[in-house]
Amino acid sequence: MAMISYLKSCLIAAIWFVFLTFPLMVVKVNTLKNTVEWRWMNMLWVAIGAFILSAVWRWAMERRARGASQKEQESSDSDKKPSLGERLLEDPKLYRPLLGLVVALALLMPWVSEMYQVTIWVFALIYVVLGLGLNITVGLAGLLDLGYVAFFGVGAYTYAILNTRFGLDFWICLPIGGLTGALVGVLLGFPILRLRGDYLAIVTLGFGSIAKIVYENWEGVFNGARGIEKIARPGFFGMEMDISAATTFTYYLMLVMVVFTIFVTNRLKDSRIGRAWMALREDEIACVAMGVDMARTKLGAYALGAFWAGLVGVIFASQTTYINPASFDFMLSAIVLSMVVLGGMGSIVGVVIAALVLNLLPEYLRAFEDYRMLVFGAVMVLMMLFRPQGLVSNVRKTYTHSKKVHAEEANG
Amino acid sequence: MDYFLELFLSGLTRGSIYALIALGYTMVYGIIQLINFAHGEIYMIGAFVALVVSGVLTIYGFSGVSILILAALIAIIYSAAYGYTLEKIAYRPLRGAPRLSPLISAIGMSLFLQNYVLLAQTADFLPFPELVPEFEFMEPIAHIMGSAELIILITSAITMIGLTLLIKYTRIGKAMRATQQDMVMARLTGINVDRVISVTFIIGSVLAAIAGVLVGSYIGQINYFIGFMAGVKAFTAAVLGGIGNIPGAALGGLVLGLAEAMAAGYISSAYEDVFAFGVLVLILILRPSGLLGKAVKQKV
Amino acid sequence: MAENTQKLLEVRELTMDFGGLRAVDSITLEVCTGEIVALIGPNGAGKTTFFNCVTGIYKPTRGEILVHPPEQKTYKINGFKPNRVTAMGLARTFQNIRLFQNMTVLENVMIGRHCRTTTNILGAILRGKNTNRQERETIERSYELLEKVGLVHFADEFAKNLPYGAQRRLEIARAMATDPFLLLLDEPAAGMNPQETKDLDELIVRIKDTENISILLIEHDMKLVMNISERIYVMEYGKKIAHGSPQEIRSNPKVIEAYLGEGGDDA
Ligand SMILES: Nc1ncnc2c1ncn2[C@@H]1O[C@H](COP(=O)(O)OP(=O)(O)OP(=O)(O)O)[C@@H](O)[C@H]1O
Ligand SMILES: [Mg+2]
């Protein structure tokens, strides 16, 4: 009986979605050529798809509801078993060999694959660092920044302009790009960071869009929609490098950047500053009432995120040797955000994995490429619904202390 | 003088469109404090459905105003259905979640719907069939104001009056106001809050669909991405008027439309969108409660 | 008031309006060193609003809030941001518990040390000697405070998983971590059972005696209030209706009327 009502509701869902998608999935008009195309097969696919998905949905929703009530029970007994993922991350015996393998593969990669592959990986690593940078702002400090791409653009344009107009070297521009990003972050952040979270999101979206429009229309400085070309690749002690060697070089540079970013984020996470960010994310009012300077703390997170975007922007410009405003679209912010969301806000490993998966999947599964943004959107919704803590949830550090040892002994 | 009048009317037209969309943002925000990021997409879908319907009918040989009305009706039904489904899938399960969760879900939905239309239809701009008749009595002032503009102004005025009456005098309108004031109390007094929220999304979507159809036939072409900019501007209008405040959204829309038209006409149209964003940023920094909103202190 | 006491907090004619509503109406109040002072009144009297004004969460409409930190000059703190008020030495707890739910109990207390430590972003990345020392001190001090409120065994638990009474005590520990000379407690016994309330009673007295912290306390539990406070202020509809020792308050007809009219708990 329950089964029948279950199937019935799935059927209703299927019919509803057939109705919803009918004008857009089945009919296709071209008002230019005055043709109509009726794609009846799509109707079938939608029906089947909606039926199955609604069955899965119902099951997942039930699980979610059960999970919520279970968690309440669980909280009373403190020794719950860590999941495989957590064990993998916590037990050195498990993660050390794995880490070694990953490092070895990453180092060997350029020697065993073609340049095309290396280029793909360079961009994937750029996304990893962007993800880790945004993770500081969104994941650790809880500031939803939808205009993150603006800082990436600041870095890229800083290098492009300094290099093509003033002939400055990549290595000088790398820190300048990062610092310019941070500086712009501070200037923009200063007036807006006291806004409530959702307003902040919209304002940063506005900044991101304004930046793009300015790049497009300010011919004198940014060369408008044509963009800037012939940007130099990074040099290495005056060594001449062909494209392939330069790409390999950039690949290693990006690996170093990833390690550097992870190192920094990791240190910040469990420091005075990182704790204050997290506390602000949890409860702003309680946090300021405990003596945390909100403006300053938020500004730090915002500027640091911007710093990384600026830094990577420089590398991006040097890798593509050509930039135009189209590269700094809102969509890029959205993609990076969905990586942070998928990876688990605040979790370093999660963000790295998510950034790699979301970037490499469409590259290697060409069929998937068109559906990329669709999937990104769906990922954001589904993660919020079913796993808001992300794939790898953020484990809090525990501290040891003489008193704790006593207490444990006393308890048995 | 004529130039000013022309700008003024085009600003008013633009503004009433912003106002129609802004109402959806403001009503939803008023009740569940969520920026419904996907609202612009509901507007886009309304416009697209109208395009599909009128395109099909034109190709099968129908003509005239009847198409416009039929297309508008179907677009309204579909936008309402999408709005309702959107709320049910992406927002309702997140009641009581941390504030950023439904917002991220909304951003996800916005991306999803954009790309759904992109994949199901096309990335190109499609011309909207010419549906609005040229009124003869408009001939003498045609250089200042077209028939489409007249229709937009009249339709949005009627819609907004209708909305005001609905909220003031009907049962559901009263329930909406009660829920906006205090959701917990409303629930205690027997109001079905979930239903009120659904209805709010449906009404907002209907208004967005009307805006979509009007814009489609006014601008003459649409694509899957029109919801993004329209959404941001309408949200700006809602904030400008004081978010959560219904007359505020209408006022904010008109003010923003006028200001934009003047800035574009007398300064430069390249920075038109910067202007809207600039207004948004300034308002949020200087007067977050907007023109008509009251400043509320968060209870601690 | 004994002779060697000194005023710590001096509030003069404090008024707070919300639109048309006057939630606090020219309240004058003092707290001196070594005192436990209670602020009582029926629901909605404006007690929490008074706290919010003093701690900088709201900017009062009118009135003066003067703070005399021991061995320092006097500050007028109207309009100070909450973090500055806390840095000055006034710390508070919240009526509707506001812990950092997804941080551990220990980390919650460590946040309290934020304003007494100085590590900046660069310092945190480089982890120099100074940073390490501060971090160690923060941990030590936080454990110490957890021990004082009896929560050491919960140290690594998420704050949200704590039982209710323990959450209230954690709020106190977190506030104490900011090294205050005056602690403002907003209904610390709310939702506690009689045994927990008794423990709390002892805890508050112990804090006053051993830590040299004075206490301003909002509480509905009359037994607790009468037990531990030296002076009591009574508010109703934003106004101060009485002030005096527990004995005086107990027999004050105005107070009795305010509470009976409310039908609330009696003394
Ligand atoms: N942010 C605010 N905006 C508007 N009104 C408020 C605000 N904060 C408090 N009030 C109002 O001020 C009055 C006093 O509230 P307050 O919370 O200070 O009372 P209280 O004495 O702490 O009561 P309780 O014992 O219930 O905690 C109430 O009528 C309340 O509704
Ligand atoms: Mg209170």
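Conventions adopted
- Residues numbered from 1 in each chain as written.
- Chains lettered and ligands numbered in written order.
- Predicted model: local features only at pLDDT ≥ 70, side-chain atom pairs only at ≥ 80, totals over all residues.
- Heavy atoms only, no water.
- Near = heavy atom within 4 Å.
- Polar contact = N/O pair within 3.5 Å; in protein donor to acceptor, adjacent residues only side chain to side chain.
- Helix = DSSP H or I, 4+ residues; strand = E, 2+ residues; numbered from the N terminus.
- Nonpolar A, V, L, I, M, F, W, Y, C, P; charged D, E, K, R; others polar.
- Buried < 20%, exposed > 50% of the residue type's maximum accessible area, 1.4 Å probe, protein only.
- Pairing = 2+ DSSP bridges.
- Contact = heavy atoms within 4.5 Å.
- Axes fitted to C-alpha atoms, helices over the stretch in contact; angles between N-to-C directions.
- Buried area = accessible area lost by both parts, 1.4 Å probe.
- Salt bridge = Lys/Arg side-chain N within 4 Å of Asp/Glu carboxyl O.
- Patch = residues over 30% accessible without salt bridge, like charges linked within 9 Å, V, L, I, M, F, W, Y side chains within 5 Å.
- Areas by Shrake-Rupley, 256 points an atom, 1.4 Å probe, with all protein chains shown as cover.
- Lys, Arg positive; Asp, Glu negative; His and termini not counted.
- Charge placed at Lys NZ, Arg CZ, Asp CG, Glu CD.
- Domains from an automatic or database assignment.
- Donors = N, O, S within 2.8 Å, 3.2 Å for Na, K, Ca; no water.
- Expected span 1.5 Å × (residues − 1).
- Parallel < 35°, antiparallel > 145°, perpendicular 65-115°, else oblique.
- Left-handed = near helix turned anticlockwise from the far one by under 90°.

Structural notes on the site of ligand 1
- The environment of ligand 1 is made up of 17 residues, and the closest members are Gly44, Lys47, Thr48, Thr49 and Gln95 of chain C.
- Flanking ligand 1 are residues from chains B and C.
- In the model, a nitrogen atom of ligand 1 is placed 3.0 Å from a nitrogen or oxygen of the Tyr58 of chain C side chain.
- Between ligand 1 and Gln95 of chain C, the relevant distance is 2.8 Å, taken from an oxygen atom to a side-chain nitrogen or oxygen of the residue.
- Sorting the residues of the shell around ligand 1 by element identifies β2 (21-32) and α1 (47-54) of chain C as the ones contributing at least two each.
- Among the elements that make up the shell around ligand 1, the one with the highest residue count is α1 of chain C (three residues).
- When its residues are assigned to classes, the shell around ligand 1 shows five nonpolar, eight polar and four charged.

A word on the environment of Ala60 of chain A
Residues and elements named next belong to chain A.
- Summarising the element assignment, Ala60 is placed in helix α2 (residues 40-74).
- Taking relative accessible area as the criterion, Ala60 reaches 14% and is therefore assigned buried.
- Separated by 229 residues in the primary sequence, Ala60 and Ala289 have C-alpha atoms spaced 40 Å apart.

Regarding the sheet that holds strand β4 (residues 62-67) of chain C
Residue and element names in this part refer to chain C.
- Judged by pairing direction, the sheet is antiparallel, and its four strands sit side by side in the order β2-β1-β4-β5 without closing on themselves. Both edges of this open sheet fall to β2 and β5 (75-76), since each of them pairs with a single strand only.
- Taken together, the two bridges between β4 and β5 define a ladder with antiparallel strand orientation. When the sheet's bridge partners are listed, Val67 is paired in β5 with Tyr75.
- Of the strands in this sheet, β1 (7-18), β2 and β4 are in contact with α1, which crosses β1 at around 115 degrees.

Regarding the interface of chain A and chain B
- Of the residues lining the interface, 63 residues belong to chain A; the matching set on chain B comes to 62 residues.
- Counting the surface lost from both chain A and chain B, the interface buries some 5500 Å², and carbon and sulfur atoms represent 79% of this.
- Applying the counting rule to chain A against chain B returns one salt bridge.
- The partner of Asp198 of chain A in a salt bridge is Arg99 of chain B, with the nearest N and O atoms 2.8 Å apart.
- Linking chain A to chain B there are 14 residue pairs in polar contact (both at pLDDT 80 or more).
- For the side of chain A that touches chain B, the secondary structure elements donating two or more residues are α1 (2-26), β1 (27-30), β2 (35-38), α2, α7 (170-192), α8 (197-217), α14 (330-343) and α16 (372-386) of chain A.
- Take the side of chain A that touches chain B: its biggest share by element is 14 residues, from α8 of chain A.
- Its residues assigned to classes, the side of chain A that touches chain B comprises 45 nonpolar, eleven polar and seven charged.

Observations regarding a negative patch on the surface
Residue and element names in this part refer to chain B.
- Residues Glu130, Glu134, Glu136 and Glu139 make up a contiguous surface patch of negative charge.
- By the element assignment, Glu134 lies in the loop between β1 (126-127) and α5 (147-169).
- The exposed category is assigned to Glu134, whose relative accessible area is 67%.

Observations regarding a positive patch on the surface
- A contiguous patch of positive charge, built from Lys168, Arg171, Lys174, Arg177 and Arg195 of chain B, is present on the exposed surface.
- By secondary structure assignment, the location of Lys168 of chain B is in helix α5.

Concerning the interface of chain B and chain C
- Contact with chain B, which involves four residues of that partner, is made by nine residues of chain C.
- Across the chain B/chain C interface, buried area totals approximately 500 Å², and carbon plus sulfur atoms make up 58% of it.
- When residues of chain B are sorted by the area they lose upon contact with chain C, Lys297, Gln298 and Val300 of chain B head the list and together hold 95% of the total.
- Viewed at the interface, chain C and chain B are joined by zero salt bridges.

Observations concerning the pattern of salt bridges
- Enumeration over the complete set of coordinates arrives at 31 salt bridges over all chains.
- Across the pair Asp25 of chain C and Lys239 of chain C runs a salt bridge whose closest N-O atoms are separated by 3.3 Å. A residue pair is termed long-range when its members are at least 10 positions apart, and Asp25 of chain C in strand β2 and Lys239 of chain C in strand β10 (residues 239-244) qualify at 214 residues.
- Judged by relative accessible area, which is 16%, Asp25 of chain C ranks as buried.
- Between Glu211 of chain C and Lys148 of chain C there is a salt bridge; the shortest N-O distance is 2.9 Å. Remark: Lys148 of chain C occurs in helix α5 (residues 129-148) and Glu211 of chain C occurs in helix α7 (residues 194-211); sequence separation between them is 63 residues.
- Since its relative accessible area comes to 21%, Glu211 of chain C is described here as partly exposed.
- Taking the relative accessible area as the measure of exposure, Lys148 of chain C reaches 31% and is therefore partly exposed.
- One salt-bridge network, in which partners are shared between bridges, spans Arg14, Lys233, Glu260, Glu272 and Asp273 of chain B.

Topic: the domain arrangement of chain A
- Structurally, chain A comprises domain 1 (7-67) and domain 2 (93-386).
- Here the C-alpha centre of domain 2 of chain A lies 36 Å away from the C-alpha centre of domain 1 of chain A.

Brief notes about the sheet that holds strand β6 (residues 90-92) of chain C
Residues and elements named next belong to chain C.
- Taken together, six strands build an open sheet; the order of strands is β6-β7-β8-β3-β9-β10 and the sheet is mixed. The sheet terminates laterally at β6 and β10, the two strands that pair on one side only. Taking the axes of each pair of neighbouring strands and ignoring which way they run, one obtains an average angle of 20 degrees across the sheet.
- In this structure, strand β3 (residues 36-40) lies alongside strand β9 (residues 231-236), joined through four bridges in parallel fashion. Within β9, the residue paired with Ile40 across the bridge is Val234.
- Seen against the sheet, α7 touches β3, β7 (182-186) and β8 (214-218) and runs at an angle of roughly 150 degrees to β8.

Description of the coordination of the magnesium ion (ligand 2)
- The coordination sphere of the magnesium ion (ligand 2), as far as protein atoms go, consists of Thr48 of chain C (OG1) and Gln95 of chain C (OE1), spread over 1.8 to 2.1 Å. With Thr48 of chain C in helix α1 and Gln95 of chain C in the loop between β6 and α3 (105-112), this pair connects stretches of sequence that are 47 residues apart.

Some remarks on the pairing of β7 of chain C
Residue and element names in this part refer to chain C.
- When you tally the buried positions in β7, you get five out of five residues, the bulk of the element.
- The alternating pattern of β7 places Leu182, Leu184 and Asp186 on one face and Leu183 and Leu185 on the opposite face, and all of these are buried.
- Bridge count between β6 and β7: three bridges; the pairing is parallel. Considered in β7, the bridge of Ala91 is made with Leu183.
- As paired strands, β7 and β8 are joined by five bridges and run parallel to one another. Each bridged residue has a counterpart across the sheet, and for Leu185 the counterpart in β8 is Leu217.

A word on helix α6 (residues 164-176) of chain C
- With 13 residues, α6 of chain C extends 19 Å between its outermost C-alpha atoms, agreeing within 8% with the 18 Å of an ideal straight helix rising 1.5 Å per residue.
- With respect to burial, α6 of chain C is a largely interior element, eleven of its 13 residues being buried.
- Among the residues of α6 of chain C, Gly165, Ala166, Gln167, Arg168, Leu170, Glu171, Ile172, Ala173, Arg174, Ala175 and Met176 of chain C are the ones counted as buried.
- Lining the buried residues of α6 of chain C we find α12 (284-289) of chain A together with β6, α3, α5, β7 and α7 of chain C.

A word on the packing of helix α6 (residues 148-166) of chain A against α14 of chain A
Residue and element names in this part refer to chain A.
- It is the contact of α6 with α14, at a shortest axis distance of 7 Å, that shows an interaxial angle of 115 degrees. Classed by the angle they form, the pair α6 and α14 counts as roughly perpendicular. The two elements α6 and α14 cross, and the hand of that crossing is right-handed. Contact with α6, carried on its side by Tyr148, Val149 and Phe152, involves Leu332, Ser333 and Val336 of α14 and no other residues of that element.

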